[in-house]
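# Tertiary structure, described
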Amino acid sequence: MRKIKNNTTHKAVYWWTPDINRERKTCISLRRKLTRARKKANNTEDLPLWKKDRCWRELCCELENDIWGKAFQIVCRKFPRTAEKISRETAEAALKELFPIRAPFQRTTLPVEEFIPFTNEDIVAAASKLRKGKAPGMDGVPAEWKTAKLVLIRKSGGDADAPGKLRPISLVSSASKLMEQLILQRLRAEMEDGEDLSDRQFGFRPGRSTTDALLSVVRTARKVIESCYQHRGLCVLVTLDITKAFNAAEVLAYADDLAIIVRARDETSLKEKVEHAVELICSFLAGRELSIAAHKTEALLMVGRKHVKQLCFNIAGKEVRPSNQIKYLGVILDGQLSFKQHIRHISGKAKEKALTLSRIMPNIGRGGEFKRRVLGGVTNSIMLYAAPVWGTAMRVKAYRNTLRRVQRLTNLRICRGFRTISSEAAAVIASSCPIDLLVEERRSIYENPEVEKPEARRTTLRK
């Protein structure tokens, strides 16, 4: 059959010029070179975009060997912190503020009836508690074991060169760390047996955590909120921060974060009790050359829906007015203990982490199912922090759905599914329990320590 010629011709336009025609030929020529280069494996390394993609694929393939390796550190921005350069003037000003010259400390030497030397078992136990990968100080056996290498690290926010925005880190020698562990074991055993520590001291004690401190606050506030409305009193939480670091109020201590819980019948007595308690704490700290950071002090009225007059507390010379919510030990507390803002906060934080981890967990290749479940546990750990404290909020359907939507993102990456899969099917394929049941499991384990974790998980699965 005779081929029919296409007689359609393009009419010349008035704006077409020889320069445009020359540039068009150059563009076509370069595009053809790029197409030919893609077909040759030995030439793809010369292309920056292809080389970048190849390096990223190789980085993600390292998940099979090291799940917490460079791929995880890059997407989560968990790079090792490097020492920053600080000017000599800034460092000297920071040292004067952080380590002021004080009068010599008068030590009281008590007679020792019998000194029990350290045994090999004590040394092995102390050495086993030393963490690996920590930065050492002056290694070897120094003349003075308490000689340390001081490193200043900038805090986030504010003026980076301000002396108060520098965090001092003292790096002592390994021998000094070992001796500190040995002495700590003796001191801890002596103080725990002698009942010298307060039951409201939660920091740096084995078997106690931030969950215990938060539950102490919540339980005290619930007694007030759940009481009769006509006879309901007032309850306020005041958080204090010690710079550089009884019985009208309940004092809670965790490291350098103090919190006082005050209950009273009316606004006048509440104000008097709070200011009196803070005055006692300030006088106690002043005798030890410490002080309260007044600009970090916050107050929260926990009275439910009860109408309260406007209050203002005078704390360390600064007026502090109660706010609608405060963040204490990583949990956002509100006046009604609904934990609505906390659930929004953790869901947003977990969602950001899930979307970040999805870059190294595509639907095709890169990481087996077990490693995907381990990485998916990172988002669950964010949502389950202090679950025994706010677990009662899971009775609200809207809060459960908020956390389940975040968990669905992780489940889809674990099972390599698409967004058209239902949440229930994705959870089954990913072998993942619903987040609200995991919260209830954490609460049951905390309230019943005798229940073992495998038994608690079997109970959860039966639900």
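One can find the structure itself at the top, above this paragraph.
In short, a report on the structure. (Residues numbered from 1 in each chain as written. Predicted model: local features only at pLDDT ≥ 70, side-chain atom pairs only at ≥ 80, totals over all residues. Heavy atoms only, no water.)

### Section: the packing of helix α9 (residues 340-357) against helix α12 (residues 397-414)
- Here α9 crosses α12 at 10 degrees, and the two axes come no closer than 9 Å. Taken as axis vectors, α9 and α12 run roughly parallel relative to one another. Residue-level inspection shows Lys340, Ile343, Ile346, Ser347, Ala350, Lys351, Ala354 and Leu355 of α9 in contact with α12, the latter providing Tyr399, Thr402, Leu403, Val406, Leu409 and Thr410.
- Classifying every residue of the contact of α9 with α12 by side-chain character gives 9 nonpolar, 3 polar and 2 charged. (Axes fitted to C-alpha atoms, helices over the stretch in contact; angles between N-to-C directions. Helix = DSSP H or I, 4+ residues; strand = E, 2+ residues; numbered from the N terminus. Parallel < 35°, antiparallel > 145°, perpendicular 65-115°, else oblique. Contact = heavy atoms within 4.5 Å. Nonpolar A, V, L, I, M, F, W, Y, C, P; charged D, E, K, R; others polar.)

### Things to note about the pattern of salt bridges
- For the structure on display, the rule yields 8 salt bridges.
- In this structure, Lys271 and Glu275 form a salt bridge, with 2.7 Å as the shortest nitrogen-oxygen distance. Separated by 4 residues within a single helix, Lys271 and Glu275 lie in helix α8 (residues 267-286), roughly one turn from each other.
- Overall, the relative accessible area of 23% leaves Glu275 in the partly exposed class.
- Linking Arg458 and Glu455 is a salt bridge whose minimum nitrogen-to-oxygen distance equals 2.9 Å. Taken together, the residues span about one helical turn, with Arg458 and Glu455 both in helix α15 (residues 453-462) at a distance of 3 residues.
- Looking at Glu455, the relative accessible area reads 33%, which means it is partly exposed. (Salt bridge = Lys/Arg side-chain N within 4 Å of Asp/Glu carboxyl O. Buried < 20%, exposed > 50% of the residue type's maximum accessible area, 1.4 Å probe, protein only.)

### Quick word on the nonpolar core
- Of all hydrophobic cores here, the largest spans 42 residues; its most connected members are Phe339 and Trp390.
- Counting residues per element, this core draws most heavily on helix α7 (residues 210-225), which supplies 8 residues.
- Setting aside chain neighbours within four positions, we find Phe339 in contact with Val218, Arg222, Val331, Ile332, Leu333, Asp334, Val389, Trp390 and Ala393.
- One finds Val236, Leu301, Val308 and Ile315 within the second-largest nonpolar core, a separate group that totals 26 residues. (Core = buried A, V, L, I, M, F, W, Y, C linked by side-chain atoms within 4.5 Å.)

### Looking at the packing of helix α10 (residues 369-383) against α12
- Between α10 and α12, the shortest axis-to-axis distance is 9 Å and the interhelical angle comes to 165 degrees. What the angle tells us is that α10 and α12 run roughly antiparallel. Between α10 and α12 lies a crossing of right-handed hand. Only Leu403, Val406, Gln407, Thr410, Arg413 and Ile414 of α12 make contact with α10, whose side of the interface consists of Glu369, Arg372, Arg373, Gly376, Thr379, Asn380 and Met383.
- Class assignment for the residues of the contact of α10 with α12 results in 4 nonpolar, 5 polar and 4 charged. (Left-handed = near helix turned anticlockwise from the far one by under 90°.)

### Here's the deal with the pairing of strand β10 (residues 325-328)
- The alternating pattern of β10 places Ile326 and Tyr328 on a buried face, while none of Gln325 and Lys327, on the opposite face, is buried.
- Pairing of β10 with strand β11 (residues 331-334) involves 4 bridges; the strand directions are antiparallel. Across the sheet, the residue bridging to Gln325 is Asp334, located in β11.
- Between the end of β10 and the start of β11, which pair antiparallel, lie 2 residues, with Leu329 showing a positive phi angle near 55 degrees. (Pairing = 2+ DSSP bridges.)

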